[in-house]
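# Observations on chain architecture
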Amino acid sequence: MASKIEAEIELKSPAEKVWNNLKQFTVVFPKALPQTYERIDVLEGDGKSVGSVILSIFKESQSVKERIELVDDEKKILSYSFLEGEILNHFKNYKAIICVTSKSDGALINYSAELEKADAHAPNPDFFRDFVVKLFHDFDAYLLKSSLIQDSK
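What counts as what
- Residues numbered from 1 in each chain as written.
- Predicted model: local features only at pLDDT ≥ 70, side-chain atom pairs only at ≥ 80, totals over all residues.
- Heavy atoms only, no water.
- Helix = DSSP H or I, 4+ residues; strand = E, 2+ residues; numbered from the N terminus.
- Buried < 20%, exposed > 50% of the residue type's maximum accessible area, 1.4 Å probe, protein only.
- Contact = heavy atoms within 4.5 Å.
- Areas by Shrake-Rupley, 256 points an atom, 1.4 Å probe, with all protein chains shown as cover.
- Lys, Arg positive; Asp, Glu negative; His and termini not counted.
- Charge placed at Lys NZ, Arg CZ, Asp CG, Glu CD.
- Pairing = 2+ DSSP bridges.
- 1 Å grid on protein atoms, 1.4 Å probe; cavity = no way out; pocket = protein on both sides within 12 Å on 5 of 7 lines; lining within 4 Å.
- Points joined across faces, edges and corners; volume = space filled by probe spheres on them.
- Nonpolar A, V, L, I, M, F, W, Y, C, P; charged D, E, K, R; others polar.
- Axes fitted to C-alpha atoms, helices over the stretch in contact; angles between N-to-C directions.

- Under an unreviewed UniProt entry, the name given to the protein chain is Bet v I/Major latex protein domain-containing protein, and the source organism is Perilla frutescens var. hirtella.

See below:
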């Protein structure tokens, strides 16, 4: 019952700005997306590098513990997997890859995730794709209106 979800999300912000802020999502996402995140706690590591473990606490009282699996600055790729959380009651695993590329008028996010339903009663995983698309559009809106966000490291 393995599934794969994919999304290609066009953003108006420059790819470097998107990437540099995405790498700092533990700090930036709660500020940029207060309607979604209550907070993000770094449990192990620095929250930016491979092996870091973070706990995302969402507004709807759900949480997920995640581990950063890959950070590739050259290719602008971030990968993470779910370790714990309510969502794993429905899915045995969840591993996602986010790739940021430049476009002439902004950036392109290629998001893919592999997951496996825990049983036949698990919800359709398309809701993850819808959540991610909205999340990145809201993130882009924040980056576009914020002059405080750095374009470089």
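Now, onward.
### Quick look at the overall build of the protein chain
- For the protein chain, the helix and strand inventory stands at three helices and seven strands.
- The N-to-C order of helical and strand elements in the protein chain reads β-α-α-β-β-β-β-β-β-α.
- C-alpha extents for the protein chain along the principal axes are approximately 45 × 30 × 30 Å.
- In the protein chain, which comprises 153 residues, the proportion classed as buried is 44%.
- When contacts within the protein chain are restricted to residue pairs at least 6 apart in sequence, long-range pairs at least 24 apart make up 51% of them.
- If you sum the accessible surface of the protein chain, you get close to 8200 Å²; carbon and sulfur atoms cover 48% of it.
- When the 20 positive and 25 negative side-chain charges of the protein chain are each reduced to one mean point, those points stand 3 Å apart.

### Observations regarding the pairing of strand β7 (residues 106–117)
- Counting buried residues in β7 gives nine out of 12 residues, a clear majority hidden from the surface.
- Relative to β7, strand β1 (residues 2–11) is paired through 10 bridges, and the arrangement is antiparallel. Opposite E8, over in β7, you have N110 as the bridge partner.
- Where strand β6 (residues 91–103) lies against β7, 12 bridges are found, and the strand directions are antiparallel. From the neighbouring strand, F91 faces β7, where its bridge partner is K117.
- Here β6 folds back onto β7, and the loop between the two strands holds two residues.

### Quick word on the layout of surface pockets
- In this structure, the largest pocket spans a volume of roughly 530 Å³.
- Y37, F58, V64, F82 and F131 are the residues nearest the centre of the largest pocket, which is lined by 27 residues in total.
- When residues of the lining of the largest pocket are assigned to their parent elements, the largest contribution, six residues, is made by helix α3 (residues 126–145).
- Considered class by class, the residues forming the lining of the largest pocket number 20 nonpolar, four polar and three charged.

### Digging into the sheet that holds strand β5 (residues 77–85)
- Pairing within the open sheet is antiparallel, and its seven strands lie in the order β1-β7-β6-β5-β4-β3-β2. In this open sheet, the two strands that pair with only one neighbour each are β1 and β2 (37–44). Each adjacent strand pair in this sheet contributes to an overall mean axis angle of 25°, direction not counted.
- Across the face of the sheet, helix α1 (residues 15–22) comes into contact with β1, β4 (63–72), β5, β6 and β7 while running at roughly 145° to β6.
- Where α3 meets the sheet, it contacts β1, β2, β3 (53–58), β5, β6 and β7, and its direction lies at approximately 20° from that of β1.

### Observations regarding the pairing of β4
- Where β3 meets β4, five bridges bridge the pair, whose relative direction is antiparallel. Across the sheet, I57 pairs through a bridge with S63, a residue of β4.
- If you look at the hairpin formed by β3 and β4, you'll find four residues sitting between the two strands, and S61 has a positive phi there, around 65°.
- Looking at chain direction, β4 and β5 are connected through eight bridges and run antiparallel. Within β5, the position partnered with R67 by the bridge is S81.
- Hairpin geometry of β4 and β5 is characterised by an intervening segment of four residues between the two adjacent antiparallel strands and by a positive phi of about 55° at K76.

### What about unusual backbone geometry?
- With a phi angle near 55°, K76 is a residue other than glycine that sits in the positive phi range.
- Position of K76 among the secondary structure elements: in the loop between β4 and β5.
- Take K76: its relative accessible area is 14%, and that puts it in the buried class.

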